[in-house]
Amino acid sequence: MRTPLSRRAVLAAASAAAASAMLPRRSFAATKAKIKIGLLLPYSGTYASLGNNITDAMKLAASEKKNRLGGREIEWVAVDDESDPAKAPANVNKLVVGEKVDILTGPVHSGVAMAMMQIVRQEKTLTIVTNAGAQPITGSLCSPNVFRTSFSNWQTSYPCAGVMLKDGRKKAVGMFWNYSFGQESMSAFREGFTKGGGTIVKEIPVPFPTTEFQANLSEIASLKPDAVFVFFAGAGAAKFIKDYAAAGLMEKIPLYGSGFLTEGVLGAAGPAANGIKTTLHYADALDTPANKKFREAFKKATSREADVYAVAGYDTIHLLAQALDKVKGDTSAEKDLIAALEAARTESPRGPFRFGKTHNPIQNVYVRLVKGGREEVLGLAQKEADDPAFGCAMAT
Ligand code: PHB
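The structure presented is a predicted model; accordingly, all values stated were derived computationally and were not measured.

Participant: Teacher, can you tell me more about the layout of surface pockets here?
Facilitator: A probe as big as a water molecule, rolled over the atoms, marks out the empty space that is left. Its volume calculated, the second largest pocket comes out at about 320 Å³. What lines the second largest pocket is a set of 16 residues, among which Leu266, Asp284, Arg295, Glu305 and Ala306 lie closest to the centre. The set of elements that each furnish at least two residues to the lining of the second largest pocket consists of α10 (266–269) and β14 (374–385). When the residues that make up the lining of the second largest pocket are grouped by side-chain class, the tally is four nonpolar, five polar and seven charged. If you count residues domain by domain, the lining of the second largest pocket takes at least three from each of domain 1 (30–151 + 287–355) and domain 2 (154–280).

Participant: Got a minute to help me understand empty space enclosed by the protein in this structure?
Facilitator: A full pass over the atoms with the stated rule returns two cavities of 30 Å³ or more. Of the voids in this model, the largest cavity is the one considered here, and its volume is about 80 Å³. Here the lining of the largest cavity is composed, by residue class, of 11 nonpolar, four polar and no charged. Composition of the lining of the largest cavity by domain shows at least three residues from each of domain 1 (30–151 + 287–355) and domain 2 (154–280).

Participant: Whenever I open this one, the site of the ligand confuses me. Can you help?
Facilitator: Around the ligand sit 15 residues, and of these Ser110, Gly133, Tyr179, Ala233 and Tyr309 come closest. Measuring from an oxygen atom of the ligand, one finds a backbone N or O atom of Val108 at 3.4 Å. The side chain of Ser110 places a nitrogen or oxygen atom 2.6 Å from an oxygen atom of the ligand. Alone, the ligand offers 280 Å² of accessible surface; in the complex the protein occludes 100% of this. Cavity membership is defined here by more than half of the atoms lying within 2 Å of grid points; on that basis the ligand lies in the largest cavity. Grouping the constituent residues of the shell around the ligand by class yields 11 nonpolar, four polar and no charged. Two domains each put at least three residues into the shell around the ligand: domain 1 (30–151 + 287–355) and domain 2 (154–280).

How each quantity is defined
Residues numbered from 1 in each chain as written. Predicted model: local features only at pLDDT ≥ 70, side-chain atom pairs only at ≥ 80, totals over all residues. Heavy atoms only, no water. 1 Å grid on protein atoms, 1.4 Å probe; cavity = no way out; pocket = protein on both sides within 12 Å on 5 of 7 lines; lining within 4 Å. Points joined across faces, edges and corners; volume = space filled by probe spheres on them. Helix = DSSP H or I, 4+ residues; strand = E, 2+ residues; numbered from the N terminus. Nonpolar A, V, L, I, M, F, W, Y, C, P; charged D, E, K, R; others polar. Domains from an automatic or database assignment. Near = heavy atom within 4 Å. Polar contact = N/O pair within 3.5 Å; in protein donor to acceptor, adjacent residues only side chain to side chain. Areas by Shrake-Rupley, 256 points an atom, 1.4 Å probe, with all protein chains shown as cover. Sits in = over half its atoms within 2 Å of the grid points.

In structure tokens:
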């Protein structure tokens, strides 16, 4: 589902792109000293903590590589995208055309990512999506120069349906922020849930980033489903969890979701989050040396707990480091650099990671339960989950 762009925004993007076509591309020889990494991330609004964790984990990974990629020192250029798709063409152009970044990373918000795709596909900017899960990024709009180190919404939402059905919950209400990611999450969940014999009694879209949930919670109480599936994230998720518990629903109607519901919000949500079951490609409690090392290092560097967003940022830099070392920092060797990224492997805190044909990760999806304020891992919801890659020619 594409986030509509205003005609003016599209024209601005097109004219900036045309202007840039007349400029020489950044040449390797001229730029050998520093490699410019663009960060298109939210540093304000409901997703601010997500953007900060991605950024800080990227910088942590860079420090583990002595702040060099392919022998070149890193120059970071960050833009606050405000999770606002309407501002995305201008923000992307600031980095791609204005700053001429060698590599673009981000964003968090799928609507911002959809606008970004229009520009980076045309400009052929090497782009690594560090969160946004919109299906078309590695589906109908897939492109050789675009990779994703996070997830597709299908990977994180479809398996939740099976978990709910296994728990004997056959009648569900869905509630989600009403933009591309929420809509696609709902539809992936719906696909799995109805296929498995479940019924969705009501779908409740909520405008992004609204956190006024009271009327919807009263409606859920009167509908009396077996369970509720939701997509909210960041500060909005913490508010939703607290409101759900305060309405007395947590004991009566179990809450499920893709794991973004509880990522990085357990501190803010407090005991209200106990009992929430989610599916995600990461869990704090994964008992592996890579995860332990990463969590300790992130805590030491930031005084905060790591989460799934930090994992994507961390892996992005480690994968880039490998690929750029292979091409000796020559970002103009586009084909070789893409091939090197496709072949890159990293000891991810999330467990085994590799890029699939469409440049989306193939990764495990875990079942998680919040207990005593901590996220426990109950097992695997899906081993080595790939993405259906709807409409991507690179899939064949
Ligand atoms: C998205 O818009 O793709 C998105 C935002 C926040 C999340 C997950 C996905 O936690």
